[in-house]
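# Summary of structural features
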Amino acid sequence: MIQSMQLFPGITLRCFPDERFKQSCLSIQLVRPLRYEEAAMNALVPAVLLRGCESAPDLRAITLRLDDLYGASVGALVRRVGDVQTTGFYCNFIADRYTLGGEALLDPMVEFVGQLLFQPVTEKGVFRKDYVESEKKNLISTLQTQLNDKRVYAATRLMGIMCADDPFGVPRLGRVQEAQQVTAQSLYAHYQKILQDSRIDLFYVGPQPMEQVAQVLRPLFATLARNYEELPAQTPFRSGQGQDITQTLDVAQGKLCVGYYTDITSRHPDFAAMQVMNHLFGSGMTSKLFMNIREKQSLCYDIGSGYYGSKGILTVSAGIDWEKEALVRSQIEAQLEACKAGQITPEELTSAKQSLISALLGTHDSPGAIEGYYESGALSGHHITPADYIAQVQAVTAADCARVAGTLKRHSSFFLKGDA
């Protein structure tokens with residue numbers, strides 16, 4: 001059962017007390033509105049902070065310190081959920097009962113993470129230039145690698161087209177053009193700003209009771225100067241003007257992405273029904289898109305759908321021979337129309353439910369899965385336990401799927417084809 005308390009204004013601790021695991025986890029996230037101008041900097045901040053702090057000024061010193069903490073780990077954590085982006089740390093450390101003599105690790109772990117967060121290595125009053133330039137290079141390389149993957153590129157282009165008027169169009173790690181402009185001075189100024197005005201979410205999974213965790217974490221933030229303003233609530237998709245865009249590149253296989261939207265989000269009573277509908281429509285190898293367009297008609301190399309519940313966006317992505325574009329488009333629409341008409345077999349419905357339930361049953365299998373499920377839910381506004389969610393999924397009928405499919409409206413598409 002999730003427990004929560006406010007440590008300070010805008011700083012919330014959530015705990016999932018659980019004694020089953022050898023490892024505990026702690027996440028510290030600064031929650032920001034999604035904005036193009038700061039997304040890349042938000043992705044860079046934890047990477048630069050993890051290069052060194054005053055007590056451990058380089059990667060070797062950090063590694064040695066973590067080794068002293070029984071091989072604990074600290075990594076950068078950057079999420080995009082609906083209208084917000086988070087930046088911070090995710091930590092894994094061994095539970096006290098597995099240390100030599102029951103040594104407590106929560107206190108020294110929090111102390112070290114606090115040093116990484118609040119006592120970075122600086123040079124002339126800002127981040128070290130070589131650390132910033134190195135992490136910039138890594139980030140830009142990651143972004144360019146993603147764009148070189150044509151499936152990812154096409155999906156990113158579609159989201160940018162659809163969300164021209166919605167913050168969800170901002171990529172999780174930002175864009176190359178903004179990353180290239182970051183300097184040690186600008187990143188350090190941004191780092192100081194986000195410590196002051198961000199919402200801060202803390203999440204702990206492990207055997208310690210919440211009050212004990214709070215007692216350890218409070219001193220970390222007690223002297224932090226804050227000018228916090230409440231974040232606005234998550235919003236549904238702001239549709240704007242739809243577009244159908246085709247781009248020609250030197251590619252051997254076409255990439256077709258089609259986007260739809262609905263008023264049904266993760267905050268809506270019909271969310272479970274829409275999730276089931278997405279699974280039977282296009283998510284998985286038993287879905288209508290896969291079985292009919294790929295297997296029966298052999299019109300594509302791969303095809304699938306994804307539903308972004310925080311915004312109410314559903315997308316279809318297919319790898320095709322580009323001369324088959326019109327036919328694949330018509331077949332995607334035909335399969336969606338079949339869902340809207342209630343042409344759903346008992347086998348399709350059962351398979352879709354089983355796929356969802358299987359994923360939900362794994363939610364409590366690890367500290368990381370627990371943190372990911374509940375913290376993403378807190379960010380998106382989907383406050384429901386996996387057990388209750390499973391009950392909702394089990395109650396979904398074919399008529400429910402047809403009804404929610406009827407709310408989907410086509411918005412935009414992006415087609416990447418070869419130049420031959």
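Note that this is a predicted model, so its numbers are computed, not measured. (Residues numbered from 1 in each chain as written. Predicted model: local features only at pLDDT ≥ 70, side-chain atom pairs only at ≥ 80, totals over all residues. Heavy atoms only, no water.)

### Considering helix α11 (residues 325-340)
So the rule is basically this: Each helix is a run of DSSP H or I of at least 4 residues and each strand a run of E of at least 2, with the numbering of both proceeding from the N terminus. A helix is expected to span 1.5 Å for every residue after the first. Throughout this description, buried means an accessible area under 20% of the type-specific maximum (1.4 Å probe, protein chains only), exposed means over 50%, and partly exposed covers the range between.
For α11, which comprises 16 residues, the first-to-last C-alpha distance of 23 Å matches the rise-based estimate of 22 Å (1.5 Å per residue) to within 8%. Restricting attention to buried positions, one finds in α11 the residues Val-328, Arg-329, Gln-331, Ile-332, Gln-335, Leu-336, Ala-338 and Cys-339. Following α11 by one or two positions, Gly-342 adopts a phi angle in the positive range, close to 80°.

### Notes on the packing of aromatic side chains
Short version of the rule: Here a Phe, Tyr or Trp ring, Trp counted by its six-membered ring, pairs with any other such ring whose centre lies within 6.5 Å, and the pair is stacked when the planes are under 30 degrees apart, edge-to-face when over 60, and tilted otherwise. Charge over a ring is defined by NZ of Lys or CZ of Arg lying within 6 Å of the ring centre and within 35 degrees of the ring normal.
Applying the stated criterion across every chain, the model contains 11 aromatic pairs. What links up through ring pairs into an aromatic cluster is the set Phe-16, Tyr-373 and Tyr-374. Between Arg-80 and the ring centre of Phe-168, over which it is positioned, the NZ or CZ distance is 4.0 Å. Across the ring face of Tyr-131, the terminal group of Arg-128 is positioned such that the distance to the ring centre comes to 4.3 Å.

### Structural notes on the pattern of salt bridges
It is possible for side chains bearing opposite charge to pair when their charged atoms get close. For clarity, the cut-off: Any carboxyl oxygen of Asp or Glu that lies within 4 Å of a side-chain nitrogen of Lys or Arg is treated as forming a salt bridge with it.
Applying the stated criterion to the full structure yields 26 salt bridges. Of the charged contacts, one joins Arg-35 and Glu-38 as a salt bridge, the two residues approaching to 3.4 Å between their closest N and O atoms. A salt bridge links Asp-270 to Arg-403; its shortest N-O distance comes to 2.7 Å. Here Asp-270 is found in the loop between β10 (254-261) and α9 (271-281), whereas its partner Arg-403 is found in helix α15 (residues 398-405), with 133 residues between them in sequence.

### Topic: the sheet that holds strand β3 (residues 23-33)
Which entries qualify depends on this criterion: Strands qualify as paired when DSSP identifies two bridges or more between them. Fitted lines through C-alpha atoms serve as axes, helices being fitted only where they are in contact, and the angles separating the N-to-C directions of these axes extend from 0 to 180 degrees.
With mixed pairing, the six strands of this open sheet are ordered in space as β1-β2-β8-β3-β5-β4. Bordering the open sheet on either side are β1 (3-8) and β4 (73-81), each of which pairs with just one other strand. For this sheet, the mean angle separating the axes of adjacent strands, direction not counted, is 20°. The sheet contact formed by strand β2 (residues 11-17) and strand β8 (residues 199-206) spans seven bridges and is parallel. Considered in β8, the bridge of Pro-17 is made with Gly-206.

### Examining the environment of Gly-206
Rules: For this analysis, residues touch if any pair of their heavy atoms sits within 4.5 Å.
If you trace the backbone, Gly-206 turns up in strand β8. Each C-alpha atom of the pair Gly-206 and Val-276 lies 32 Å from the other, and the pair is 70 residues apart in sequence. Not counting chain neighbours up to four residues away, the residues in contact with Gly-206 comprise Phe-16, Pro-17, Asp-18 and Ser-24.

### Some thoughts on the side chain of Gln-331
Note on placement: Gln-331 falls in helix α11. For Gln-331, a relative accessible area of 18% puts it in the buried group. Setting aside chain neighbours within four positions, we find Gln-331 in contact with Ile-293, Gln-297 and Leu-299.

### Some words on the packing of helix α1 (residues 36-49) against helix α4 (residues 129-148)
Note the threshold: Throughout, the term roughly parallel applies to angles under 35 degrees, roughly antiparallel to angles over 145, roughly perpendicular to angles from 65 to 115, and oblique to all others. For any helix crossing, the convention is left-handed if the near helix is rotated counterclockwise from the far helix by under a right angle, and right-handed if that rotation is clockwise. In the scheme used here, Gly and all other residues not listed as nonpolar or charged are polar, with Ala, Val, Leu, Ile, Met, Phe, Trp, Tyr, Cys and Pro taken as nonpolar and Asp, Glu, Lys and Arg as charged.
Direction vectors running N to C along α1 and α4 enclose 125°, while the axes themselves pass 10 Å from each other. In terms of orientation, α1 lies oblique with respect to α4. The element α1 and its partner α4 pack so that their crossing is right-handed. Across the interface between the two elements, Ala-40, Ala-43, Leu-44, Ala-47 and Val-48 from α1 touch Tyr-131, Val-132, Glu-135, Lys-136 and Leu-139 from α4. Across the contact of α1 with α4, the residue classes tally to eight nonpolar, no polar and two charged.

### Some remarks on the environment of Gln-297
When you line up the elements, Gln-297 lands in the loop between α10 (288-296) and β11 (302-308). It is 9.9 Å that separates the C-alpha atoms of Gln-297 and Val-328, two residues lying 31 residues apart in sequence. When sequence neighbours within four positions are dropped, the list of residues in contact with Gln-297 reads Asn-292 and Gln-331.

### Remarks on α4
What counts here: Comment: arc refers to directions from the helix axis out to C-beta atoms.
For α4, which comprises 20 residues, the first-to-last C-alpha distance of 28 Å matches the rise-based estimate of 28 Å (1.5 Å per residue) to within 8%. Taken as a whole, α4 has its buried residues at Tyr-131, Val-132, Glu-135, Lys-136, Leu-139, Ile-140 and Leu-143. Each buried residue of α4 lies within a common arc of 155° when the element is viewed along its axis, so the set occupies one face. In this structure, α4 carries Lys-137, Thr-145 and Asn-148 as exposed residues pointing more than 90 degrees from its buried face. Looking at the buried residues of α4, the elements they touch are α1, β7 (126-127), α6 (176-180) and α7 (184-197).

### What about the sheet that holds strand β12 (residues 313-320)?
Paired through backbone hydrogen bonds, the strands of a sheet run either parallel or antiparallel to each other. Strand order across the open sheet formed by five strands is β9-β13-β10-β12-β11, with mixed pairing between neighbours. In this open sheet, the two edge strands, each paired with only one partner strand, are β9 (244-249) and β11. Between one strand axis and the next, the sheet turns by 15° as a mean value, whatever way the strands run. Here eight bridges tie β10 to β12, and the two strands are oriented antiparallel to one another. Looking at the pairing, Cys-257 lines up with Ser-317 of β12. Packing of α11 onto the sheet brings it into contact with β9, β10, β11, β12 and β13 (409-418), and relative to β10 it is tilted by some 30°.

Remember, this is a structural readout, not a statement about activity or role.
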